[in-house]
Amino acid sequence: MKKEKVKKIIVIKNLLYSVSANIISMLVSAILLILLPNLLGETDYGYWQLYLFYTSYVGFFHFGLVDGIYLRIGGKNYEKLDRELYASQFAVLTVIEIIIATIIAITASMVIPDVNKMHVIMLTCVCMVIYIANNFMTYILQATNRIRPYATVVMVEKILFAICVCACWILKVKSFEMIAIGDICGKVFAMLIALIYCKNIIFCRIHDLKRTLSEMWINLSIGSKLVLANVASMLITGIVRLAIENYWSIEVFGKISLSMSISNMLMVFVNAVSVVVFPMLKRMEENKLGESYEKIRDFLMIVLLGALAFYYPVKVVLTRMLPAYAESIRYMALLFPVCVFDCKISLLANTYLKALRKEREILVINLFSVLLSVITTGITVYVVHSLELAVVSIVIILAIKCDMAEIFLAQNMKISVYKDMLVESAFVVIFISTSWFLDNWSATVIYAGLFVGYLFWKKDKILTLLGKI
């Protein structure tokens, strides 16, 4: 009994550390969403969003090595890891990333005529080397349940970046390049902190190359499915965003990206919880996964559907603070529900599928979703020429992807969530319809009334959840 109590206390502490770090991350993101559009012009802000877009893909250049390590050591004790073996893999991976970054940078300088876009790619290459080195260490910290050090690394990066942006604001530096350099500086300091926490793994005798390469091949074999699935997942929205930048302009791309950034802010909390949940699930008996899934799902959906109501006051506040981006903020009505499906996929579907070692299923679902994205983007952008339909297609595809993953999990764990899925989809459709076509006040009243009805329908489960918490 005492041992069980200690475990619960550790889980709660880890959750608090992770949530605290990610709350700071969210606050920094919120400040930047207000400062940067006003500091940078529409064109520079568009290039800043392009830098963010490119850097969101740099993590995949480890080709699954880091994901393979994460899956294999999830739930293990940090002190029992083979330190020399991980030091060797870190060294080899870092050398490979420097070579890849150099090749990309040289190629870009020769073939890209747009100077600003070339600067974006150069900065992305620098970011890639630092980010992957940092990612290697933070994944080890997460997988071995060292959440406090992981949370510290996250906070250092975000706080230092915020300081750099504030300095640019005070000095009136209106250049996306300087903002990107500030982002890289934050990542460098975060990497140095991660090196301190992982010094007994990173700074030790290097293993023989043959065994290191053999171990890397095993990790790549396991993690490659997951990294391909992650690439496919990001391409679902990435294809639409690239088509928008290609067909319309960098300014339109920046405005839609701003709207997506606001809509995705809730992901911060979900990522904080998923960091703690994964090692916990890896230690859980498989026959208990279904019960835990239903409880986490009920709690998450109450939070997510309730969070949609915040769209209305956020829209009013941001429209006044960023009048030049009023049209962009209007598209939040179409994009805000993205957080519902993204959060379900991140915390529930992907976390449980990883715990069950179903990487192949994650890959198949994501590849199918990418195919849908290519088809719908081609129709909405290049045939119909409708920005609104292109944006709505993002929500539809993510909803289909989420439902496919949930149906597979429900069958695997022998639970029923179909009625809940239908109700949640209806909520999203009503939210988009009322927010787009009705005035703010009418839409608020209708959605609030529906949410109260949802809480009444779920009252028994809510009371049970409160007792568990």
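This section reports on the structure supplied with the text.

Reading the values: the criteria
Residues numbered from 1 in each chain as written. Predicted model: local features only at pLDDT ≥ 70, side-chain atom pairs only at ≥ 80, totals over all residues. Heavy atoms only, no water. Phe/Tyr/Trp six-rings, centres within 6.5 Å; stacked < 30°, edge-to-face > 60°. Helix = DSSP H or I, 4+ residues; strand = E, 2+ residues; numbered from the N terminus. Buried < 20%, exposed > 50% of the residue type's maximum accessible area, 1.4 Å probe, protein only. Lys NZ or Arg CZ within 6 Å of the ring centre and 35° of its normal. Polar contact = N/O pair within 3.5 Å; in protein donor to acceptor, adjacent residues only side chain to side chain. Contact = heavy atoms within 4.5 Å. Patch = residues over 30% accessible without salt bridge, like charges linked within 9 Å, V, L, I, M, F, W, Y side chains within 5 Å. Areas by Shrake-Rupley, 256 points an atom, 1.4 Å probe, with all protein chains shown as cover. Salt bridge = Lys/Arg side-chain N within 4 Å of Asp/Glu carboxyl O. Core = buried A, V, L, I, M, F, W, Y, C linked by side-chain atoms within 4.5 Å.

Remarks on the packing of aromatic side chains
All chains considered together, the criterion is met by twelve aromatic pairs. On the numbers, 5.8 Å between centres and 85° between planes, the contact of Phe-427 with Tyr-447 is edge-to-face. Of this pair, Phe-427 sits in helix 19 (residues 418-437) while Tyr-447 sits in helix 20 (residues 440-457), and the two are 20 residues apart along the sequence. By the burial criterion, Phe-427 is buried, and Tyr-447 matches it. Accessibility expressed as a relative area gives 1% for Tyr-447, which makes it buried. Through a chain of ring-to-ring contacts, three or more aromatic side chains come together here, namely Phe-427, Phe-431, Tyr-447, Phe-451, Tyr-454 and Trp-457. Here the basic side chain of Lys-172 rests over the ring of Trp-169, its NZ or CZ set 5.6 Å away from the ring centre.

Points about the side chain of Asn-219
With respect to the helices, strands and loops of the structure, Asn-219 is situated in helix 9 (residues 209-247). Note on Asn-219: relative accessible area 1%, which makes it buried. In this structure the side chain of Asn-219 is engaged in a polar contact, spanning 2.8 Å, whose partner is the side chain of Gln-89. Once residues within four sequence positions are removed from consideration, Asn-219 is found in contact with Gly-64, Leu-65, Gly-68, Ile-69, Arg-72 and Gln-89.

Quick look at a nonpolar patch on the surface
There is a patch of nonpolar side chains on the surface, built from Tyr-247, Phe-368, Leu-371, Ile-375, Ile-379, Tyr-382, Val-383, Val-384, Leu-389, Ile-396 and Ile-400 and spanning about 980 Å² of accessible area. Counting only elements with at least two residues in the nonpolar patch, the list comes to helix 17 (359-383) and helix 18 (387-413). Here the nonpolar patch gets six residues from one element, more than from any other, and that element is helix 17. For Tyr-247, the position within the fold is in helix 9. According to the relative accessible area criterion, Tyr-247 is partly exposed, its value standing at 34%.

Observations concerning the nonpolar core
Residues Leu-36, Trp-48, Phe-136, Met-137, Ile-140 and Ile-179 are the most contacted members of the largest nonpolar core, which totals 140 residues. Per-element accounting of this core gives the leading share, 14 residues, to helix 5 (residues 115-143).

Digging into unusual backbone geometry
One non-glycine residue, Lys-172, lies in positive phi territory at about 60°. With respect to the helices, strands and loops of the structure, Lys-172 is situated in the loop between helix 6 (147-171) and helix 7 (176-197). With phi around 60°, His-385 is a residue other than glycine that occupies positive phi space. Among the structural elements, His-385 can be located in the loop between helix 17 and helix 18. Given the relative accessible area of 42%, His-385 is considered partly exposed.

Remarks on the side chain of Asp-420
With respect to the helices, strands and loops of the structure, Asp-420 is situated in helix 19. Using a relative accessible area of 11% as the deciding quantity, one classes Asp-420 as buried. Contacts of Asp-420, omitting those with residues within four sequence positions, involve Arg-297, Asp-298, Trp-457 and Lys-458.

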